[in-house]
Amino acid sequence: MSLLNSVLGGVFDILLLPFRSLPPMIGLVVISALCSVGMLLGYKATSNQPAIEAVKRKIAAGLFEIRLYNDDIVAILKAQGAILRDNLRYLGLNMVPMVFMMVPFVLVIAQLQFHYGYEGLEANEPVLLQVTLQEGASSDVSLELPDGVRLDAPAVRMAALPGTAWRLVPESSGSYELGIIVGSERLTKTLVVDDTVTRRSPFRLAPSFLNQLLYPAEPPLPADSAAVEIALHYPDRELSVLGFGQHWLVWFFLLTIVLAFAMKGWFGVTI
Amino acid sequence: MKALRLSAIALLAVAAAGALFSLGARAQTPTENMIVMGIDGLDYTLVREMIDAGRLPNLARMEREGQFGPLETAATPQSPVAWSNFITGLDSGGHGIFDFLHRDLTSGLPFGFPYQATALNEPPGPEFKMAGYVFPLWGGDPKLGRHGTAFWQHLADAGIPATVVRMPANYPPVGAGERELSGMGTPDLRGSPGESFFFSTDRRQFMKTDVSGGFIYPADVIDGKFEGTIIGLDDNPLTEAENDAISTDFVVYVDPDEDVAKFEVGTQQFVMQAGEWSDWKTLDFEMLPYLASMTGAVRFFLKSVRPEFEVYVTPIQVDPMAPALPIAEPAEFALELAEVTGRFYTQEMPEDTHAINNGVLDLAEFLEQTRIAREETVAQFRYLRDTFEGGFLFSYFGSGDQTSHVMWGVTRDTGHPQYDPALHDQYRELIPNIYEEFDALIGETLDTIDDNTTLVVMSDHGFASWRRSFNLNTWLVENGYMTLQRQTSLPVKEFFNGVDWRRTRAYSIGISALYLNLRGREPSGQVAPGDRMALLEQIERDLLATIDPVTGEPAVTKIYIRERDFHDRGNLEIGPDIIVGFANGTRGSGNNALGGIAEEVITDNTEEWSGDHIMDHRTVPGVLFASRPLQREATSLQNLAAALLAEFGIDDFPDGTTPITVINPE
């Protein structure tokens, strides 16, 4: 999983590099278009196209029947029953490509979340770093800060969690690696101070399949680490179109679906 | 000879040009644009002194190039009344605002229940109830208590765009201008004028009983962790259950050694050191699971970590990014301001003077809070000024007034009962420094505006030291106008507890308002309507004859009887029968406002509120500056708007010179 994440991470970094300094929506439109193409090709390859065409024809016939026999209640009810049955079959036929496409889509969304899901920090904007420790682990935690990042308040040692939190202030834009010393262990955490579209990782988590699937932006913590989570609080981002702000995922789904429907004819796909 | 002739022609040309220039200067072109800075409580006498001392160079420039003079305030000089005079060109008889508080006689109480005069609520409409939840169909919306037409409606009618920011007595905004943000009169999210939250491990704090304008809760820090609750509403209006409070929780982790803590408020997490204020944090209050919630915004202040753990939370502001109450017109205007300058205090008077009275914030902490509030309003003003594209812009600044309330007497009056030489030495320049800050902002603005724009700087009243407190209810008791039940002992804290209403002819609610217990009007009325005027004149004589036993001077110098002293009509009936103009230095006592009766009529003012202006209005004038002479004379708040409108060629606005009748829409 780590290997897959690092390969995918590299691919998306390269893919989004040309859009890094552009407004986020531009890159998202391009990525959505690519995903639409991928979705169409995947759908075509994994779905039973003749069966889908046939069931859609039946649904259309049922609708036509309702219109044609609009004075015959029995015929209308029969047609509605047939439409319902054909709709269920249509949904069933879509289940197979859905299952096939779900895996790559989850991977893609997880990657995009770290490019589009968080606001960039600004220089001199305070940010919270927190290390959560295993129950009973030593609370002897300290920081190694690179040049350009300073500690803005003393560490808060939280016995009840247990863990430690710091308020950091990056003094200039850039990508930093923070060192966190837990006992004899040295852990690292990325800090990106930049308002461009770039990979930002809010968490480093203990290794598990789900954690690595959903938080692929940084490698997981070592399995035997005293830390279970390192969190760096980037603010959530909304993408705004004509003053209407929404989570990037809403725009992504909207664009992907609209573009897929717009392009399905070119690829000879029946959806 | 030819050279001589040429020289003569040149001389004549120069003379002609000079004459034309001077003619042009006298025949001023009409104003195309105007910016008005309304600075609450800017005192005429202090401004005059500071100009003469060379400390307000930009206001001095306005005096030199334009005009400067005192501006007569309203009777009574309370901000909602004064600003309503300005807004409508009417006096209280027309606009219907006589005091911060009015009384509701439909409540059934003999004295009527006090309510905030400028903001009312429509009665709730029909409701739909299901599964323990209540779904109001309509009604219950806030409604402006002020009557009369706002002057910027006339600007709008003339096609002049008006932006009106934080105008007092304009909640909810009337919507006549292009953009309006409400000001004084705007409640916090709880619907009150502003109730803060204070959590403390110190018994001396949370055992206090005389707390107003906020809540003090005990705090338990267990294993370095404190869990607090902020109550958004005491009773969820969407449930049938009573006292079903809606609240949001927060957690604070305290470091075992350092004075530092980490806060978790919803999804927001931040570290604070003792003595720090947070930026705005949002709070979500769920009213109907997954369907209805409201958002508020607060700032946290970590007052202390040890030996006592103490956290102050500001009153819950309406979140300008998701307003639950109508604070702006259009609503997007609040969002625009918040996006550009950050979230901001939306409640009527953000400076938490209650917190200092309750001993929750000390003086330095209070002053820091006022600085934050002032910077927010200044940032908004700069944004609006710098993007001003013409028309009319009004912006209100309130923090000078609130700071003066707390600091005026103790730093400027050696005769004040709480005058402290040490405090005086430390803070004597505080109020003058705030005046200098405003002067600098005015200078920036003068440098920004073009020749077609007039800058006006005005205030609603001045300031005076508040040395002596006058309890009108006690005076009424001592002078036989109010009778107590035999078993009643003084003091009475509030709501006339122990008053014998069958033998009471007058009572007082508010700071300087006096009502007769009138038959046919008050539920237990005793005074026959035919005896009313004679009784009012008798009370007037007795009040004017009252001498402060300590100073030997009259305690009251002006009486306003409503029919006699207010000229406008239509809403006169809302008001008190008499308004008392206390002598300069004396003010109505705070506990009188809600029907408290003290042991003595006049006592030293011992409140953490040493300056005031609710006195004889002639002694606390405001100021009026204009960057060029106004064409129409403005001498009072009531005729100021007419003079400003005249600059735009609008001449049909009331100015107090003729009786005006306003039809009460009710």
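Residues numbered from 1 in each chain as written. Chains lettered and ligands numbered in written order. Predicted model: local features only at pLDDT ≥ 70, side-chain atom pairs only at ≥ 80, totals over all residues. Heavy atoms only, no water.

Asks: Which parts of the structure should I look at to understand the overall build of chain A?
Replies: Of the regular secondary structure elements, chain A holds six helices and 11 strands. Computed over its C-alpha atoms, the radius of gyration of chain A comes to 25 Å, more than 25% above the 18 Å expected for a compact globule of 271 residues. C-alpha extents for chain A along the principal axes are approximately 80 × 40 × 35 Å. By residue count, 43% of the 271 residues in chain A fall in the buried class. Put simply, of all contacts in chain A between residues at least 6 apart along the chain, 70% involve residues at least 24 apart. Split by element, the accessible area of chain A, about 13,900 Å² in all, is 64% carbon and sulfur. Averaging the positions of the 19 positive and the 24 negative side-chain charges in chain A gives two centres separated by 13 Å. (Helix = DSSP H or I, 4+ residues; strand = E, 2+ residues; numbered from the N terminus. Rg over C-alpha atoms; globule rule 2.2 N^0.38 Å. Buried < 20%, exposed > 50% of the residue type's maximum accessible area, 1.4 Å probe, protein only. Contact = heavy atoms within 4.5 Å. Areas by Shrake-Rupley, 256 points an atom, 1.4 Å probe, with all protein chains shown as cover. Lys, Arg positive; Asp, Glu negative; His and termini not counted. Charge placed at Lys NZ, Arg CZ, Asp CG, Glu CD.)

Asks: I would appreciate a short explanation of the pairing of strand E35 (residues 622-626) of chain B in the present structure.
Replies: In the case of a regular strand, side chains alternate between the two sheet surfaces. Residue and element names in this part refer to chain B. For E35, a buried count of five out of five residues is recorded, marking the element as mostly surrounded by other parts of the structure. Alternating positions in E35 separate into two faces, Gly-622, Leu-624 and Ala-626 on one and Val-623 and Phe-625 on the other, with burial throughout. Both strand E2 (residues 67-71) and E35 contribute to a ladder of five bridges, which runs antiparallel. Across the sheet, residue Phe-68 finds its bridge partner in E35, namely Phe-625. (Pairing = 2+ DSSP bridges.)

Asks: For this particular structure, what's the right way to read the sheet that holds strand E10 (residues 179-182) of chain B?
Replies: Strands in a sheet are paired, the pairing made by backbone hydrogen bonds, and the direction either parallel or antiparallel. All names here are of chain B. On the basis of which strands lie adjacent, the open sheet formed by eight strands has the order E2-E35-E25-E1-E24-E9-E10-E23 and mixed pairing. Here the strands that pair on one side only, and so sit at the sheet edges, are E2 and strand E23 (328-329). Strands in contact with helix H2 (residues 44-52) are E2 and E35; relative to E2, the strand with the most contacts, it is inclined by about 150 degrees. (Axes fitted to C-alpha atoms, helices over the stretch in contact; angles between N-to-C directions.)

Asks: How should I be thinking about the nonpolar core in this particular structure?
Replies: Side chains of a nonpolar character, in soluble globular proteins, are inclined to be buried together. Residue and element names in this part refer to chain B. One finds Val-47, Ile-230, Phe-263, Phe-300 and Val-457 to be the most contacted residues of the largest nonpolar core, which totals 83 residues. Broken down by element, this core gets its largest block of residues, eight residues, from helix H13 (residues 430-448). When residues no more than four places from it in sequence are discounted, the contact partners of Val-47 are Leu-42, Leu-56, Leu-59, Phe-68, Tyr-435, Val-623 and Phe-625. If you look at the next biggest cluster of nonpolar residues, it comprises 42 residues, including Ile-87, Met-167, Tyr-396 and Leu-644. (Core = buried A, V, L, I, M, F, W, Y, C linked by side-chain atoms within 4.5 Å.)

Asks: Before we go on, may I ask you to explain a nonpolar patch on the surface in this structure?
Replies: Residues and elements named next belong to chain A. A surface patch of nonpolar side chains, amounting to about 500 Å² of accessible area, comprises Leu-3, Val-7, Val-11, Leu-15, Val-30 and Leu-34. Per-element accounting of the nonpolar patch gives the leading share, four residues, to helix H1 (residues 2-16). Assignment of secondary structure puts Val-11 in helix H1. Taking relative accessible area as the criterion, Val-11 reaches 42% and is therefore assigned partly exposed. (Patch = residues over 30% accessible without salt bridge, like charges linked within 9 Å, V, L, I, M, F, W, Y side chains within 5 Å. Salt bridge = Lys/Arg side-chain N within 4 Å of Asp/Glu carboxyl O.)

Asks: Whenever I open this one, a negative patch on the surface confuses me. Can you help?
Replies: On the surface, Glu-119, Glu-122, Asp-195, Asp-236 and Glu-238 of chain A cluster together to form a negatively charged patch. Along the chain, Glu-119 of chain A falls in the loop between helix H4 (73-116) and strand E1 (127-133).

Asks: Would you explain the sheet that holds strand E2 (residues 141-144) of chain A in this entry?
Replies: Residues and elements named next belong to chain A. Taken in spatial order, the three strands line up as E2-E6-E7 in an open sheet, and their pairing is antiparallel. Two strands lie at the open edges of the sheet, namely E2 and strand E7 (185-193), each paired on one side alone. Averaged over neighbouring strand pairs, the angle between their axes works out to 25 degrees when direction is ignored. Both E2 and strand E6 (residues 174-182) contribute to a ladder of four bridges, which runs antiparallel. Counted as the bridge partner of Ser-142 is Ile-181 from E6.

Asks: When you look at the side chain of Asp-568 of chain B in this model, what are you seeing that I'm missing?
Replies: Residue and element names in this part refer to chain B. Along the chain, the position of Asp-568 falls in the loop between helix H16 (562-565) and strand E31 (578-582). No salt bridge is formed by the buried Asp-568; its nearest oppositely charged neighbour, Arg-569, is found at 7.1 Å. At 2.7 Å, the side chain of Asp-568 forms a polar contact with the backbone nitrogen of Asp-91. Of note is the side chain of Asp-568, whose polar atom sits 3.3 Å from the side chain of Gln-638. (Polar contact = N/O pair within 3.5 Å; in protein donor to acceptor, adjacent residues only side chain to side chain.)

Asks: Sorry, what's going on with the pattern of salt bridges here?
Replies: Close approach of charged atoms allows side chains with opposite charge to pair. Residues and elements named next belong to chain B. Inspection of every chain in the model, using the stated rule, returns 51 salt bridges over all chains. Arg-179 is paired through a salt bridge with Glu-336; the nearest N and O atoms lie 3.4 Å apart. Here Arg-179 is found in strand E10, whereas its partner Glu-336 is found in helix H8 (residues 331-341), with 157 residues between them in sequence. It is possible to trace a salt-bridge network through shared partners that takes in Arg-103, Arg-521, Glu-522, Arg-532, Arg-562, Glu-563, Glu-573 and Asp-577.

Asks: Help me understand the interface of chain B and chain A, please; the structure alone is not making it clear to me.
Replies: Often the size quoted for an interface is simply the accessible area lost on bringing the parts together. Opposite the 17 residues of chain B that make contact, chain A presents 16 residues. Buried area between chain B and chain A, summed over both chains or domains, comes out near 1,300 Å², and the portion from carbon and sulfur atoms is 58%. Applying the counting rule to chain B against chain A returns three salt bridges. The partner of Arg-157 of chain A in a salt bridge is Asp-255 of chain B, with the nearest N and O atoms 3.0 Å apart. Viewed at the interface, chain A and chain B are joined by seven residue pairs in polar contact (both at pLDDT 80 or more). Mapped onto the side of chain B that touches chain A, the elements with two or more residues apiece are strand E14 (246-254), strand E15 (260-265) and strand E16 (268-273) of chain B. Class assignment of the residues belonging to the side of chain B that touches chain A gives a composition of eight nonpolar, two polar and seven charged. (Buried area = accessible area lost by both parts, 1.4 Å probe. Nonpolar A, V, L, I, M, F, W, Y, C, P; charged D, E, K, R; others polar.)

Asks: I tried to follow the domain arrangement of chain A on my own but got confused; where do I start?
Replies: Residues and elements named next belong to chain A. For chain A, the assigned domains are domain 1 (2-117 + 243-263) and domain 2 (127-232). Computed from C-alpha coordinates alone, the two centres of domain 1 and domain 2 are separated by 37 Å. The interface of domain 1 with domain 2 comprises 16 residues on the first partner and 15 residues on the second. Counting the surface lost from both domain 1 and domain 2, the interface buries some 1,400 Å², and carbon and sulfur atoms represent 56% of this. At the boundary of domain 1 and domain 2, one finds two salt bridges. Between Arg-20 and Asp-194 there is a salt bridge, with the nearest N and O atoms lying 2.9 Å from each other. Here domain 1 and domain 2 share six residue pairs in polar contact (both at pLDDT 80 or more) between them. Where the side of domain 1 that touches domain 2 is concerned, the elements lending two or more residues are H1 and H4. It is H4 that contributes the most residues to the side of domain 1 that touches domain 2, seven residues altogether. (Domains from an automatic or database assignment.)

Asks: How should the packing of helix H3 (residues 49-68) of chain A against H4 of chain A be read in this particular structure?
Replies: Between two packed helices, both the angle of their axes relative to each other and the distance between the axes serve to describe the pair. Residues and elements named next belong to chain A. Viewed as axis vectors pointing N to C, H3 and H4 meet at an angle of 160 degrees, and their least axial separation amounts to 9 Å. Classified by the angle between their axes, H3 and H4 sit roughly antiparallel to one another. The way H3 lies across H4 gives a crossing that is left-handed. Packed against H3, whose contacting residues are Ala-51, Ile-52, Val-55, Lys-56, Lys-58, Ile-59, Gly-62, Leu-63, Glu-65 and Ile-66, the element H4 presents Ala-75, Ile-76, Ala-79, Gln-80, Ile-83, Asp-86, Asn-87, Arg-89, Tyr-90 and Leu-93 at the interface. (Parallel < 35°, antiparallel > 145°, perpendicular 65-115°, else oblique. Left-handed = near helix turned anticlockwise from the far one by under 90°.)

Asks: Explanation requested: unusual backbone geometry in the structure shown.
Replies: Leaving glycine out, the prevailing phi sign among residues is negative, and the prevailing peptide bond configuration is trans. All names here are of chain B. A cis amide bond links Tyr-171 to the next residue, Pro-172, at an omega of -10 degrees. For the bond running from Glu-329 to Pro-330, omega is -5 degrees, close enough to zero to count as cis. Position of Pro-330 among the secondary structure elements: in the loop between E23 and H8. The phi dihedral of Ala-169 is positive, around 55 degrees, even though this residue is not glycine. Relative to the elements of secondary structure, Ala-169 occurs in the loop between strand E9 (162-167) and E10. What makes Ala-169 buried here is its relative accessible area of 1%. Despite not being glycine, Asp-223 has its phi angle at roughly 55 degrees, a positive value. By the element assignment, Asp-223 lies in the loop between strand E12 (214-218) and strand E13 (225-233).

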